[in-house]
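# Structure at a glance
Residues per chain, in single letters:
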Amino acid sequence: GNSVTQMEGPVTLSEEAFLTINCTYTATGYPSLFWYVQYPGEGLQLLLKATKADDKGSNKGFEATYRKETTSFHLEKGSVQVSDSAVYFCALSDHNTNAGKSTFGDGTTLTVKP
Amino acid sequence: DAGVIQSPRHEVTEMGQEVTLRCKPISGHNSLFWYRQTMMRGLELLIYFNNNVPIDDSGMPEDRFSAKMPNASFSTLKIQPSEPRDSAVYFCASSLLAGGQTDTQYFGPGTRLTVL
């Protein structure tokens, strides 16, 4: 079956530090890949996505590249801010599985200190 | 667009009582998902619907939980009877299923349930 493995947290960084959160996946077929972010007290919201190999998703200074050869979709940001403190979820959707069902990673908690 | 709407936002009830959570998906979306989130177990998919039909309810914890989607704009998740271990944040999400693949899921703000 499909699975998503992401870097265990929590991750604590100082403001303006470089961020990497690793995500690898297992899937049959050609999944779409997502990063969602959850701010305290809120639901998850899409941060970025990529639908095919070598695509780069980007938003709010965050980037992730769909790497089919390494089955990875690592999240990066060059300079984090305190406002980036949140839980980040890597996810995939794959039409070969139960149509419509996405698979989520366990989430990585990021805390950015001033 | 109002986004996914959930009610109530907070619910406090006593063990043994019936609890009903409500969700209004984004208009035009044809998939709806119910999740539960706790510190111990993380984010769990309980059940999801395509075109109002339940597709996979393997995540529903036990017979005390039931979900319905009578039409494209409304769904309920019911717990009867409720137990303290059901305390969690329950999220509803909707998406547009096209070509057999789910696109972005849009989450509601959640219902924080506390069972005393």
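This is a predicted model, so every value here is computed, not measured. (Residues numbered from 1 in each chain as written. Chains lettered and ligands numbered in written order. Predicted model: local features only at pLDDT ≥ 70, side-chain atom pairs only at ≥ 80, totals over all residues. Heavy atoms only, no water.)

### Considerations on the interface of chain A and chain B
With 22 residues of chain A in contact, the opposing surface of chain B contributes 21 residues. Taken together, the links from chain A to chain B amount to two salt bridges. In this structure, Asp56(B) and Lys101(A) form a salt bridge, with 3.4 Å as the shortest nitrogen-oxygen distance. Summed over the shared surface of chain A and chain B, the result is six residue pairs in polar contact (both at pLDDT 80 or more). Elements represented by at least two residues in the side of chain A that touches chain B include exactly strand 5 (32-38), strand 6 (45-50), strand 10 (86-93) and strand 11 (102-104) of chain A. In terms of residues, the side of chain A that touches chain B owes the most to one element, strand 5 of chain A, which gives four residues. (Contact = heavy atoms within 4.5 Å. Salt bridge = Lys/Arg side-chain N within 4 Å of Asp/Glu carboxyl O. Polar contact = N/O pair within 3.5 Å; in protein donor to acceptor, adjacent residues only side chain to side chain. Helix = DSSP H or I, 4+ residues; strand = E, 2+ residues; numbered from the N terminus.)

### As for the layout of surface pockets
Of the volumes computed, that of the largest pocket is approximately 630 Å³. Lining the largest pocket are 29 residues, and of these Gln38(A), Gln37(B), Met39(B), Val89(B) and Arg112(B) lie nearest its centre. If you list the elements that add at least two residues to the lining of the largest pocket, you get strand 10 and strand 12 (108-113) of chain A together with strand 4 (31-38), strand 5 (42-50), strand 9 (88-95) and strand 13 (111-115) of chain B. Taken together, the residues that form the lining of the largest pocket break down as twelve nonpolar, twelve polar and five charged. Roughly 300 Å³ of internal volume is contained in the second largest pocket. As for the second largest pocket, its lining consists of 17 residues, of which Ser102(A), Phe104(A), Leu43(B), Glu44(B) and Leu45(B) are closest to the centre. At five residues, strand 5 of chain B tops the list of elements feeding residues into the lining of the second largest pocket. For the lining of the second largest pocket, a count of residues per class yields six nonpolar, six polar and five charged. (1 Å grid on protein atoms, 1.4 Å probe; cavity = no way out; pocket = protein on both sides within 12 Å on 5 of 7 lines; lining within 4 Å. Points joined across faces, edges and corners; volume = space filled by probe spheres on them. Nonpolar A, V, L, I, M, F, W, Y, C, P; charged D, E, K, R; others polar.)

The quantities given are spatial measurements derived from coordinates; they are silent on function.
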